[in-house]
Amino acid sequence: WAGWPYRGQLIDFLKSAYGERFGHFGDSNHPEVRHQDLNNLFATLKIVVCDTVHSPNYWSNRIYETIGRGGFAIHPRVEGLEKEFKEYEHFIPYTAGNFKDLKQKIDHYLEDDAGRERIRSAGFAYCHEHHTYTKRVEELLRVLKEQKVL
């Protein structure tokens, strides 16, 4: 994780805190999962801890992938993300590097099945209403026309 050392710290923390209950997908023990296999995987997981390089108004597509495929996302708080998804309604935010807060949230939602399902379901519906590729392209075309590029 030469370009983003926090990811290694996050993975080490999660491995230490949760042992065999934690799975890191995309490493040598769990090859990268895509397409329908990723949908199927998210259907088996209670919580997906997302990561992103921190920069205001920039975040990884992991949050769209996770929420849009029906996963329950805990994601670092990033300035601007609240314009895309509502905290505690569509995903659970945490402050990157605050592993005590992250663990409290994970532990809470591992036990709170009803709360987790309410957020997961609301996020899934919202993502499908607002963040499909079709919706995103429509928005891009709208902006390009507004800017008189098209």
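Residues numbered from 1 in each chain as written. Predicted model: local features only at pLDDT ≥ 70, side-chain atom pairs only at ≥ 80, totals over all residues. Heavy atoms only, no water.

Concerning the overall build of the protein
As a reminder, the rule being used: The helix count covers DSSP runs of H or I at least four residues long, the strand count covers runs of E at least two residues long, and both are numbered beginning at the N terminus. Within these notes, the globule rule equals 2.2 Å times the number of residues to the 0.38 power, and the radius of gyration is based on C-alpha atoms. Three labels apply to residues, based on accessible area from a 1.4 Å probe with only protein chains included: buried if under 20% of the type maximum, exposed if over 50%, partly exposed otherwise in between. In what follows, residue pairs with any heavy atoms lying within 4.5 Å of each other are defined as contacts. Where accessible areas are quoted, they stem from the Shrake-Rupley method and a 1.4 Å probe; at the residue level, only the protein chains shown are allowed to cover.
Each helix and strand counted, the protein has six helices and three strands in total. For the protein, the succession of helices and strands along the chain, N to C, is α-α-β-α-β-β-α-α-α. A globule of 150 residues ought to have a C-alpha radius of gyration of about 15 Å, and the protein, at 16 Å, matches this closely. Here the protein holds 150 residues, and 37% of them are scored as buried. Counted over contacts in the protein with a minimum sequence separation of 6, partners at least 24 positions apart contribute 55%. For the protein, the accessible surface area stands at approximately 9300 Å², while carbon and sulfur atoms represent 52% of it.

What about the pairing of strand E2 (residues 73-76)?
Condition: Strand pairing is defined by DSSP finding a minimum of two bridges between the two strands. For a crossover, the right-handed case is the one in which the path from the first strand over the helix to the second runs clockwise, viewed with the strands pointing away from the viewer.
What you see with E2 is no split at all: Ala-73 and His-75 on one side and Ile-74 and Pro-76 on the other are buried throughout. In this structure, strand E1 (residues 48-49) lies alongside E2, joined through two bridges in parallel fashion. When the bridges of E2 are listed, Val-48 appears paired with Ala-73. The β-α-β motif built from E1, the intervening helix H3 (residues 62-68) and the parallel element E2 has right-handed crossover chirality. Direction of pairing for E2 relative to strand E3 (residues 92-94): parallel, over a ladder of three bridges. Bridge pairing links His-75 to Pro-93 in E3.

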